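# Residue-level structural notes
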Amino acid sequence: MLRKEQNDLITQTGPKTAMGDLFRRHWIPALLADELPANDCPPVRVKLLSERLVAFRDSEGRLGLIDEFCPHRGASLWFGRNEKCGLRCPYHGWKFDVSGQCVEVPSEPVESKFADKIKLKSYPLVERGGVLWTYMGPVEFLPPLPEWEFATVPAKHRFISKRFQECNYLQAMEGGIDSSHVSFLHSGNLESDPLFKGARGNYLMDREAQRQGTTYSGVEGIAIQDGSLQESMGPIVDRTKENLVSTDNGIIMARHRLMKAAKELAKGIFPPGVEPAHQKVRSASVILPPDQPFKDAAREALTVRKGVAPASV
Ligand code: FES
Ligand SMILES: [Fe+2]
């Protein structure tokens, strides 16, 4: 259980929030690389940390992530024309390059240099491991590029997918940490759906399958099983009403680490997870001798070792 102020602290990630500042010190995934497949392809809307942005790939392949709204009178640049190294607002023709700099205001004389004075908010966007990553924090703290194992192996060694889930990030993250739900919610699908492939978007609840036990909840596909219950809690679950048990220990520890890192950052302490060395971690399943602490006995299995397959039982 969290107090209301703790729940607010840990779930709010917009600009000028403590948790938002923490997120903004890391490279975060913005899009799949496939979503901007070619130069001058259609722009893509992306909302990150409560900021509405638009991403595009210009005529020379440069990637841009800029404010979604035109600084003239606020039209969405998602409707823009992606042409000749810039995104042009279709309302009155103002044009912006990948850095957000306005490069053309057709109604004003060029000599006035009016366009030079207009610049949209923009963030770097880089491709790595089939993902387009962005960094939305202070320029002076720009970290090294992400070194997560999946982002560094050859493309044929990874599978990347994306789905929309209408709830706060923490509900999804806590679902990922929560090992005890796997034996219930996913019990019918562990062999058949290991890569979450083919999961469908509407939940398509099947009460007969639920009754028969073909699927435990009646929803098919591991990812949608998770999404259905995490969304069912509402956009931001009220954690003051929880009754946690011992199997929620991982979640409790993760919450405390997040809140600690956010509070420490406000005091100027460098956050964890930014250094590439912190990213050299992989998931693993191992059976440990009962007399050895998890931290020591599982350390090797949880560490990325090139050429060594992940540990599995
Ligand atoms: S609103 Fe975009 S050019 Fe006028
Ligand atoms: Fe799950």
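Rules and cut-offs
- Residues numbered from 1 in each chain as written.
- Chains lettered and ligands numbered in written order.
- Predicted model: local features only at pLDDT ≥ 70, side-chain atom pairs only at ≥ 80, totals over all residues.
- Heavy atoms only, no water.
- Domains from an automatic or database assignment.
- Pairing = 2+ DSSP bridges.
- Helix = DSSP H or I, 4+ residues; strand = E, 2+ residues; numbered from the N terminus.
- Donors = N, O, S within 2.8 Å, 3.2 Å for Na, K, Ca; no water.
- Tetrahedral: all angles 85-135°; square planar, octahedral: opposite > 155°, others 65-115°.
- Buried < 20%, exposed > 50% of the residue type's maximum accessible area, 1.4 Å probe, protein only.
- Core = buried A, V, L, I, M, F, W, Y, C linked by side-chain atoms within 4.5 Å.
- Contact = heavy atoms within 4.5 Å.

## Description of the domain arrangement of the protein chain
Structurally, the protein chain comprises domain 1 (1–16 + 163–265) and domain 2 (27–142). The straight-line distance from the C-alpha centre of domain 1 to that of domain 2 is 33 Å.

## Observations regarding the sheet that holds strand 3 (residues 51–57)
Pairing in this open sheet of four strands is antiparallel, and the strands run 2-3-4-9 from one edge to the other. Only two strands of the sheet have a single neighbouring strand rather than two, namely strand 2 (44–48) and strand 9 (122–123). With five bridges joining them, strand 3 and strand 4 (residues 63–67) adopt antiparallel strand pairing. Each residue of the ladder has a partner; that of R57, found in strand 4, is L63.

## Topic: the coordination of the iron ion (ligand 2)
Only H181 (NE2), H186 (NE2), D226 (OD) and D226 (OD) from the protein reach the iron ion (ligand 2) as donors, at distances of 2.0 to 2.4 Å. Taken together, the four donor atoms coordinating the iron ion (ligand 2) span angles of 58 to 150 degrees at the metal, a pattern that classifies the geometry as irregular. The sequence pattern describing where the donors of the iron ion (ligand 2) fall on their chain is H-x4-H-x39-D. As far as burial versus exposure is concerned, H181 and H186 are alike and both buried.

## Some points on the pairing of strand 10 (residues 125–128)
The sheet contact formed by strand 10 and strand 11 (residues 131–135) spans four bridges and is antiparallel. Across the sheet, E127 pairs through a bridge with L132, a residue of strand 11. The antiparallel hairpin formed by strand 10 and strand 11 contains two residues in its connecting segment, where G129 sits at a positive phi of about 65 degrees.

## Regarding the sheet that holds strand 5 (residues 81–82)
The four strands lie next to each other as 5-6-7-8, forming an open sheet whose pairing is antiparallel. Taken across any chain shown, the strands that pair with only one partner, and hence form the sheet edges, are strand 5 and strand 8 (102–104). In the sheet, strand 5 pairs with strand 6 (residues 87–88) via two bridges, with the strands oriented antiparallel. If you follow N82 over to strand 6, its bridge partner there is L87.

## Observations regarding the nonpolar core
Among the nonpolar cores identified, the biggest contains 18 residues, and L31, L36, L65 and L125 are the most heavily contacted of them. Mapped onto this core, the elements with two or more residues apiece are strand 1 (27–32), strand 2, strand 3 and strand 4. Apart from residues lying up to four places away in sequence, L65 is in contact with V46, L48, L53, V54, A55, V98, K121, S122, Y123, L125 and T134.

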